[in-house]
Amino acid sequence: MKALEGVKVLDFTHVQSGPTCTQLLAWFGADVIKVERPGVGDATRKQLIDKPGADSLYFTMLNHNKRSIEINSKNEIGKEVLTKLIETCDVLVENFAPGALDRMGFSWENIQKINPRIIVASVKGFGPGKYEDCKVYENVAQCAGGSASTTGFLDGPPVVTGAQIGDSGTGLHLALGILAALFQREKTGKGQKVLAPMQDGVINLCRVKLRDQQRLETGPLTEYSQYGEGIEFGDATPRAGNDSGGGQPGRILKCKGWETDPNAYTYFITQAAVWEKICDVIGKPEWKTDPDFATPKARLPRLNQIFGTIEDWTMTKTKFEVMEICNPHDIPVGPILSMKEIAEDEGLRKTGTIVEVDHPERGKYLTVGCPIKMSDSPVEVTRSPLLGEHTVEILSQVLGYSGDELKRVVASGAVGDTEKVAAE
Ligand code: CAO
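Only a predicted model underlies this, so the values are computations on that prediction, with no experimental measurement involved.

Participant: Mind showing me how you'd approach the packing of helix H1 (residues 17–27) against helix H7 (residues 168–188) here?
Facilitator: Any two packed helices are characterised by how steeply their axes cross, that is the angle between the axes, and by the distance between the axes. The geometry of H1 relative to H7 is characterised by a closest axis approach of 7 Å and an angle of 45° between their N-to-C directions. By the angle between their directions, the pair H1 and H7 is classed as oblique. Like other packed secondary-structure pairs, H1 and H7 cross with a definite hand, here right-handed. Touching Ser17, Thr20, Cys21, Leu24 and Leu25 of H1 are Ser168, Gly171, Leu172, Leu174, Ala175, Ile178 and Leu179, all from H7. Each residue belonging to the contact of H1 with H7 can be placed in one class, and the counts come to 8 nonpolar, 4 polar and no charged.

Structure (structure tokens):
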């Protein structure tokens, strides 16, 4: 038994934002039917190719546990098949450019007429307003959502983050909206429209930076490094390097080996509750009673000196030794783990967060499994589908096409290469 068993999802998504959402729904147990353009499929299948002839890691890592059907949504018979899928499914998820679904003839009004219980969930770059018609990719959303302007160092340009907060972040937001809409449908019997604009999702994740924007009105942001450095604040939340975003000052500090290893660093948080223990660990017991260091307020203008001294200590240890020494004292620290270290982490493999999957075209590869763990809805990650792998299965088992009806649909070419599909 899985949490979403019995829920059918018509997955009209492509690239990253939409597919991350439907992949989560599939991991929760929904039957996710991915509709792809005949002969072409999701553009990511053939992007960033590492093994000629095989679906890319970009595609395989975003489309596990789904079934694939090829349908030309601009062809009359293709539209007939899609209409039947809309009748049958509980949720339609899409992240086409604005207006694309309407141009196919599937406006919200038309979809509601076909199936009033269906939930139509969309990712768009922007919400209603002057940018609503724009196409958007990850980094555009990071820039328009306040992330880039607040990431990086004060003396450098805005920086985008490696975490795909615009795409995968919005996919998560959308999944949450879909689940809430399914829950509401239990009481109302009606579907609804769910919209997750990427800009809004990024702004939601940058909430603390809007907090700081408003705090600027009443004075400098004392936990930012620039405060201790005597650099004046402007009128917008500045870039804060690796300063902690919360009320407990923190920094990234060098560890043993930093000269040659780009990831020999630790994050170190000088949480007030454990300040005295930090003083003992780094060999500065006198700071416990020194009025310049004894209170959080007194420490704020001296953060560069404090973290400089802590770094003198961390540089004598590896990032893992720092962790082993600090953890027993409840001092919050974290090693900067490289993707190589994460890929090799046995603990993450045991919990199913890093998973090895076998694929007929590319062999074994690593992926990120479901990051949400449920005690009564276990996740087994299965490989992504080949293009149109389930076309016949879905036409016959889900939509009930058989005999001459099935032959008519296949012969039309609306569901992929006629000969190939007929052979199946
Ligand atoms: N059969 C026939 N046509 C199909 C089809 C199918 N199965 N699936 C898609 N198409 C058509 C669409 O109808 C559209 O045609 P029209 O422009 O004539 O209406 C066309 O394919 C292209 O769709 P698109 O505009 O969505 O795709 P794109 O590659 O040009 O743009 C993207 C990609 C991501 C910029 C755009 O889809 C978008 O802005 N999406 C919303 C925001 C989003 O999710 N961005 C994140 C993507 S992840 O980085």
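Participant: For this particular structure, what's the right way to read the environment of Pro128?
Facilitator: Inspection of the secondary structure assignment puts Pro128 in the loop between strand S5 (119–124) and helix H6 (138–144). Sequence spacing of Pro128 and Arg117 is 11 residues, and the spatial spacing of their C-alpha atoms is 24 Å.

Participant: Mind showing me how you'd approach the packing of aromatic side chains here?
Facilitator: Any pair of aromatic rings gets described here by the distance separating the centres and the angle formed by the planes. Under the counting rule described, the total for this entry stands at 5 aromatic pairs. Ring centres 6.1 Å apart and planes at 10° place the aromatic pair Trp275 and Trp287 in the stacked group. With a gap of 12 residues between them, Trp275 in helix H11 (residues 275–281) and Trp287 in the loop between H11 and helix H12 (296–299) connect regions that are remote in the sequence. As far as the burial class goes, Trp275 and Trp287 line up, both buried. Measuring from centroid to centroid gives 4.3 Å for Trp287 and Phe293, while their planes differ by 10°, and the two rings are stacked. Each member of the pair, Trp287 as well as Phe293, carries the same accessibility label: buried. Through a chain of ring-to-ring contacts, the aromatic side chains of Trp275, Trp287 and Phe293 assemble into a single cluster. Over the ring of Tyr401 we find Lys84; its NZ or CZ atom is 5.0 Å from the centre of that ring.

Parameters and conventions
- Residues numbered from 1 in each chain as written.
- Predicted model: local features only at pLDDT ≥ 70, side-chain atom pairs only at ≥ 80, totals over all residues.
- Heavy atoms only, no water.
- Axes fitted to C-alpha atoms, helices over the stretch in contact; angles between N-to-C directions.
- Helix = DSSP H or I, 4+ residues; strand = E, 2+ residues; numbered from the N terminus.
- Parallel < 35°, antiparallel > 145°, perpendicular 65-115°, else oblique.
- Left-handed = near helix turned anticlockwise from the far one by under 90°.
- Contact = heavy atoms within 4.5 Å.
- Nonpolar A, V, L, I, M, F, W, Y, C, P; charged D, E, K, R; others polar.
- Phe/Tyr/Trp six-rings, centres within 6.5 Å; stacked < 30°, edge-to-face > 60°.
- Buried < 20%, exposed > 50% of the residue type's maximum accessible area, 1.4 Å probe, protein only.
- Lys NZ or Arg CZ within 6 Å of the ring centre and 35° of its normal.

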